[in-house]
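In case you want the letters, here they are:
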Protein chains: 2
Amino acid sequence: MRLRLALYGCRRVAAPADNVVVIGKKSVPDYVLEVILKFNEGIDEVVIKGRGQMISKAVDVYNALKSKLGDSLQLVSVNIDSDNIGGRLVSYIEIRVRRTI
Amino acid sequence: MRLRLALYGCRRVAAPADNVVVIGKKSVPDYVLEVILKFNEGIDEVVIKGRGQMISKAVDVYNALKSKLGDSLQLVSVNIDSDNIGGRLVSYIEIRVRRTI
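Residues numbered from 1 in each chain as written. Chains lettered and ligands numbered in written order. Predicted model: local features only at pLDDT ≥ 70, side-chain atom pairs only at ≥ 80, totals over all residues. Heavy atoms only, no water.

Naming follows an unreviewed UniProt entry, where chain A appears as DNA/RNA-binding protein Alba of Pyrolobus fumarii. UniProt annotates chain A under Function (unreviewed entry) with the comment "Binds double-stranded DNA tightly but without sequence specificity. Involved in DNA compaction." Of chain A, the UniProt comment under Sequence similarities (unreviewed entry) reads exactly: "Belongs to the histone-like Alba family." (UniProt positions renumbered as here; feature names shortened; annotations may be inferred.)

Caption draft 1: Looking closely at the nonpolar core. Core analysis: the biggest nonpolar cluster contains 44 residues, and Ile48, Ile93 and Ile95 of chain A together with Ile48, Ile93 and Ile95 of chain B have the highest contact counts within it. Apart from residues no more than four positions distant in its own chain, isoleucine 95 of chain B is found in contact with Ile80 of chain A together with Val46, Val47, Ile48, Ala58, Val59, Tyr62, Leu75 and Ser77 of chain B. (Core = buried A, V, L, I, M, F, W, Y, C linked by side-chain atoms within 4.5 Å. Buried < 20%, exposed > 50% of the residue type's maximum accessible area, 1.4 Å probe, protein only. Contact = heavy atoms within 4.5 Å.)

Caption draft 2: A look at the relation of the copies chain A and chain B. Least-squares fitting of chain A to chain B yields an RMSD of 0.0 Å, with the superposition described by an axial translation of 0.0 Å and a rotation of 180 degrees. The superposition operator between the copies reduces to a two-fold rotation axis. Measuring from the rotation axis to each C-alpha of chain A, the shortest distance belongs to serine 56 of chain A, at 2.8 Å. Comparing interface residues between copies, 100% of those in chain A also lie at the interface in chain B; the contact surface is shared. (Least-squares fit on C-alpha atoms with pLDDT ≥ 70 in both.)

Caption draft 3: Up close: the packing of helix α2 (residues 28-40) of chain A against helix α3 (residues 54-69) of chain A. Residue and element names in this part refer to chain A. The N-to-C vectors of α2 and α3 enclose an angle of 60 degrees; their axes lie 9 Å apart at closest approach. Taken as axis vectors, α2 and α3 run oblique relative to one another. As α2 packs across α3, the resulting crossing turns out to be right-handed. Contacts between α2 and α3 pair Val28, Tyr31, Val32, Val35, Ile36 and Phe39 from the former with Lys57, Asp60, Val61, Ala64, Leu65, Lys68 and Leu69 from the latter. Looking at the contact of α2 with α3 residue by residue, the class counts come to ten nonpolar, no polar and three charged. (Axes fitted to C-alpha atoms, helices over the stretch in contact; angles between N-to-C directions. Helix = DSSP H or I, 4+ residues; strand = E, 2+ residues; numbered from the N terminus. Parallel < 35°, antiparallel > 145°, perpendicular 65-115°, else oblique. Left-handed = near helix turned anticlockwise from the far one by under 90°. Nonpolar A, V, L, I, M, F, W, Y, C, P; charged D, E, K, R; others polar.)

Caption draft 4: Spatial organisation of the side chain of serine 82 of chain B. Looking at where serine 82 of chain B falls in the secondary structure, it is placed in strand β3 (residues 73-85). The contact partners of serine 82 of chain B, leaving out residues within four places of it in the chain, are Asn63 of chain A together with Leu89, Val90, Ser91 and Tyr92 of chain B.

Caption draft 5: Structural context of the sheet that holds strand β2 (residues 45-51) of chain A. Ordered by their spatial adjacency, four strands build an open sheet running β1-β2-β4-β3 (chain A), and the pairing between neighbours is mixed. Bordering the open sheet on either side are β1 (20-22) and β3 (73-85) of chain A, each of which pairs with just one other strand. For this sheet the average axis-to-axis angle between neighbouring strands, irrespective of direction, equals 20 degrees. Examined bridge by bridge, β3 of chain A and strand β4 (residues 88-99) of chain A share twelve bridges and lie antiparallel to one another. Bridge assignment links serine 77 of chain A to a residue of β4 of chain A, and that residue is arginine 96 of chain A. Strands in contact with helix α3 (residues 54-69) of chain B are β3 and β4 of chain A; relative to β3 of chain A, the strand with the most contacts, it is inclined by about 55 degrees. (Pairing = 2+ DSSP bridges.)

Caption draft 6: Spotlight on the sheet that holds strand β4 (residues 88-99) of chain B. All names here are of chain B. The four strands lie next to each other as β1-β2-β4-β3, forming an open sheet whose pairing is mixed. Two strands close off the open sheet at either side, each with one partner strand: β1 (20-22) and β3. Neighbouring strand axes in the sheet, compared pairwise and without regard to direction, differ in orientation by 20 degrees on average. Strands β1, β2 (45-51), β3 and β4 of the sheet are contacted by helix α2 (residues 28-40), whose axis makes an angle of about 165 degrees with β1.

Structure (C-alpha coordinates):
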(Lines give C-alpha, C1' and ligand atoms only; values in the text may rest on other atoms or scores of the structure.)
Protein backbone atom coordinates (compact mmCIF):
# COMPACT_ATOMS: atom_id res chain seq x y z
CA MET A 1 0.00 0.00 0.00
CA ARG A 2 2.77 2.47 1.01
CA LEU A 3 4.66 1.81 -2.26
CA ARG A 4 1.53 2.56 -4.32
CA LEU A 5 1.00 5.72 -2.36
CA ALA A 6 4.63 6.63 -2.90
CA LEU A 7 4.18 6.15 -6.64
CA TYR A 8 0.99 8.18 -6.76
CA GLY A 9 2.24 10.58 -4.12
CA CYS A 10 5.34 11.77 -6.01
CA ARG A 11 4.43 14.29 -8.72
CA ARG A 12 6.42 13.74 -11.93
CA VAL A 13 7.87 17.20 -12.64
CA ALA A 14 8.81 17.24 -16.34
CA ALA A 15 12.45 18.27 -16.91
CA PRO A 16 12.56 21.62 -18.80
CA ALA A 17 13.24 21.34 -22.55
CA ASP A 18 16.80 21.99 -23.71
CA ASN A 19 16.05 25.54 -24.82
CA VAL A 20 14.43 26.61 -21.52
CA VAL A 21 16.34 28.34 -18.72
CA VAL A 22 14.28 28.13 -15.52
CA ILE A 23 15.15 30.97 -13.14
CA GLY A 24 15.88 29.93 -9.57
CA LYS A 25 18.16 31.07 -6.74
CA LYS A 26 21.38 31.60 -8.73
CA SER A 27 22.55 35.11 -9.62
CA VAL A 28 21.47 37.07 -12.70
CA PRO A 29 24.96 36.78 -14.30
CA ASP A 30 24.80 32.99 -13.84
CA TYR A 31 21.60 32.84 -15.91
CA VAL A 32 22.94 35.29 -18.52
CA LEU A 33 25.89 32.91 -19.00
CA GLU A 34 23.51 29.92 -19.19
CA VAL A 35 21.55 31.55 -22.05
CA ILE A 36 24.74 32.51 -23.93
CA LEU A 37 26.08 28.94 -23.58
CA LYS A 38 22.82 27.62 -25.09
CA PHE A 39 23.26 30.03 -27.99
CA ASN A 40 26.82 28.74 -28.40
CA GLU A 41 25.50 25.15 -28.45
CA GLY A 42 23.58 26.17 -31.58
CA ILE A 43 20.17 26.69 -29.93
CA ASP A 44 18.87 29.81 -31.69
CA GLU A 45 15.75 30.47 -29.58
CA VAL A 46 15.95 30.30 -25.78
CA VAL A 47 13.04 30.69 -23.33
CA ILE A 48 13.77 32.38 -20.00
CA LYS A 49 11.09 31.10 -17.59
CA GLY A 50 10.37 32.53 -14.13
CA ARG A 51 7.63 31.56 -11.66
CA GLY A 52 6.28 33.54 -8.72
CA GLN A 53 8.92 35.84 -7.20
CA MET A 54 11.40 34.72 -9.88
CA ILE A 55 9.40 36.60 -12.55
CA SER A 56 11.22 39.82 -11.65
CA LYS A 57 14.60 38.10 -11.92
CA ALA A 58 13.65 36.64 -15.31
CA VAL A 59 13.09 40.20 -16.59
CA ASP A 60 16.41 41.27 -15.01
CA VAL A 61 18.14 38.42 -16.88
CA TYR A 62 16.57 39.58 -20.14
CA ASN A 63 17.67 43.21 -19.58
CA ALA A 64 21.19 42.15 -18.59
CA LEU A 65 21.41 40.02 -21.78
CA LYS A 66 20.15 42.93 -23.87
CA SER A 67 22.77 45.29 -22.41
CA LYS A 68 25.49 42.74 -23.26
CA LEU A 69 24.33 41.47 -26.68
CA GLY A 70 22.60 44.61 -27.95
CA ASP A 71 21.13 44.19 -31.45
CA SER A 72 22.28 40.59 -31.78
CA LEU A 73 19.54 39.68 -29.29
CA GLN A 74 15.94 39.79 -30.46
CA LEU A 75 12.90 39.62 -28.14
CA VAL A 76 10.57 37.12 -29.87
CA SER A 77 7.68 37.03 -27.39
CA VAL A 78 6.67 37.51 -23.78
CA ASN A 79 4.02 35.14 -22.40
CA ILE A 80 2.43 35.61 -18.97
CA ASP A 81 0.01 33.11 -17.44
CA SER A 82 -0.41 30.93 -14.37
CA ASP A 83 -0.05 27.26 -13.45
CA ASN A 84 -2.23 25.45 -10.92
CA ILE A 85 0.37 24.01 -8.55
CA GLY A 86 -0.99 22.12 -5.55
CA GLY A 87 -4.37 23.86 -5.93
CA ARG A 88 -2.78 27.33 -5.95
CA LEU A 89 -2.44 29.66 -9.00
CA VAL A 90 1.25 30.47 -9.47
CA SER A 91 2.06 33.17 -12.05
CA TYR A 92 4.85 32.69 -14.56
CA ILE A 93 6.56 34.51 -17.41
CA GLU A 94 8.16 33.02 -20.51
CA ILE A 95 10.53 35.39 -22.33
CA ARG A 96 11.54 33.96 -25.73
CA VAL A 97 14.74 35.43 -27.15
CA ARG A 98 16.53 34.77 -30.41
CA ARG A 99 20.14 35.31 -31.46
CA THR A 100 20.18 37.25 -34.73
CA ILE A 101 23.92 37.28 -35.54
CA MET B 1 20.55 80.00 -4.60
CA ARG B 2 18.91 77.46 -2.28
CA LEU B 3 15.54 77.86 -4.06
CA ARG B 4 17.20 77.17 -7.43
CA LEU B 5 18.91 74.16 -5.98
CA ALA B 6 15.64 73.01 -4.51
CA LEU B 7 14.04 73.26 -7.93
CA TYR B 8 16.86 71.41 -9.67
CA GLY B 9 17.41 69.09 -6.76
CA CYS B 10 13.97 67.56 -6.66
CA ARG B 11 13.44 65.12 -9.52
CA ARG B 12 10.06 65.75 -11.15
CA VAL B 13 8.52 62.28 -11.23
CA ALA B 14 5.80 62.44 -13.88
CA ALA B 15 2.42 61.41 -12.45
CA PRO B 16 1.27 58.18 -14.19
CA ALA B 17 -1.29 58.71 -16.97
CA ASP B 18 -4.94 58.06 -16.08
CA ASN B 19 -4.96 54.60 -17.64
CA VAL B 20 -1.85 53.36 -15.81
CA VAL B 21 -1.96 51.41 -12.55
CA VAL B 22 1.50 51.45 -10.96
CA ILE B 23 2.00 48.44 -8.68
CA GLY B 24 3.32 49.23 -5.22
CA LYS B 25 2.91 47.89 -1.66
CA LYS B 26 -0.89 47.42 -1.65
CA SER B 27 -2.42 43.95 -1.99
CA VAL B 28 -3.21 42.19 -5.30
CA PRO B 29 -7.00 42.52 -4.73
CA ASP B 30 -6.55 46.28 -4.19
CA TYR B 31 -4.97 46.64 -7.65
CA VAL B 32 -7.55 44.32 -9.27
CA LEU B 33 -10.24 46.67 -7.93
CA GLU B 34 -8.29 49.72 -9.17
CA VAL B 35 -8.21 48.31 -12.73
CA ILE B 36 -11.93 47.41 -12.66
CA LEU B 37 -12.80 50.92 -11.41
CA LYS B 38 -10.84 52.42 -14.35
CA PHE B 39 -12.83 50.19 -16.71
CA ASN B 40 -16.02 51.43 -15.03
CA GLU B 41 -14.87 55.04 -15.57
CA GLY B 42 -14.96 54.24 -19.29
CA ILE B 43 -11.21 53.70 -19.78
CA ASP B 44 -11.11 50.72 -22.16
CA GLU B 45 -7.36 50.00 -22.11
CA VAL B 46 -5.47 49.92 -18.82
CA VAL B 47 -1.71 49.42 -18.34
CA ILE B 48 -0.56 47.50 -15.28
CA LYS B 49 3.02 48.68 -14.61
CA GLY B 50 5.45 47.04 -12.17
CA ARG B 51 9.10 47.91 -11.52
CA GLY B 52 11.80 45.76 -9.90
CA GLN B 53 10.36 43.32 -7.35
CA MET B 54 6.83 44.56 -8.21
CA ILE B 55 7.05 42.90 -11.64
CA SER B 56 5.95 39.59 -10.12
CA LYS B 57 2.97 41.26 -8.40
CA ALA B 58 1.98 42.95 -11.67
CA VAL B 59 1.70 39.48 -13.29
CA ASP B 60 -0.26 38.26 -10.23
CA VAL B 61 -2.68 41.19 -10.68
CA TYR B 62 -3.13 40.27 -14.35
CA ASN B 63 -3.81 36.60 -13.53
CA ALA B 64 -6.23 37.52 -10.73
CA LEU B 65 -8.09 39.85 -13.14
CA LYS B 66 -8.21 37.11 -15.76
CA SER B 67 -9.68 34.61 -13.27
CA LYS B 68 -12.37 37.16 -12.35
CA LEU B 69 -13.22 38.67 -15.77
CA GLY B 70 -12.52 35.65 -17.98
CA ASP B 71 -13.16 36.33 -21.68
CA SER B 72 -14.24 39.92 -21.10
CA LEU B 73 -10.58 40.72 -20.43
CA GLN B 74 -8.16 40.75 -23.37
CA LEU B 75 -4.36 40.83 -23.03
CA VAL B 76 -3.29 43.47 -25.58
CA SER B 77 0.50 43.46 -25.06
CA VAL B 78 3.29 42.75 -22.60
CA ASN B 79 6.30 45.08 -22.71
CA ILE B 80 9.47 44.43 -20.73
CA ASP B 81 12.38 46.86 -20.58
CA SER B 82 14.44 48.84 -18.09
CA ASP B 83 14.72 52.45 -16.88
CA ASN B 84 17.93 54.13 -15.81
CA ILE B 85 17.04 55.37 -12.31
CA GLY B 86 19.83 57.09 -10.40
CA GLY B 87 22.45 55.44 -12.65
CA ARG B 88 21.03 51.94 -12.03
CA LEU B 89 19.08 49.82 -14.57
CA VAL B 90 15.69 48.97 -13.05
CA SER B 91 13.56 46.42 -14.95
CA TYR B 92 9.87 47.02 -15.53
CA ILE B 93 6.87 45.34 -17.11
CA GLU B 94 3.87 46.99 -18.75
CA ILE B 95 0.86 44.72 -19.16
CA ARG B 96 -1.79 46.35 -21.38
CA VAL B 97 -5.29 44.90 -20.95
CA ARG B 98 -8.54 45.75 -22.67
CA ARG B 99 -12.16 45.21 -21.64
CA THR B 100 -14.00 43.47 -24.48
CA ILE B 101 -17.60 43.43 -23.16
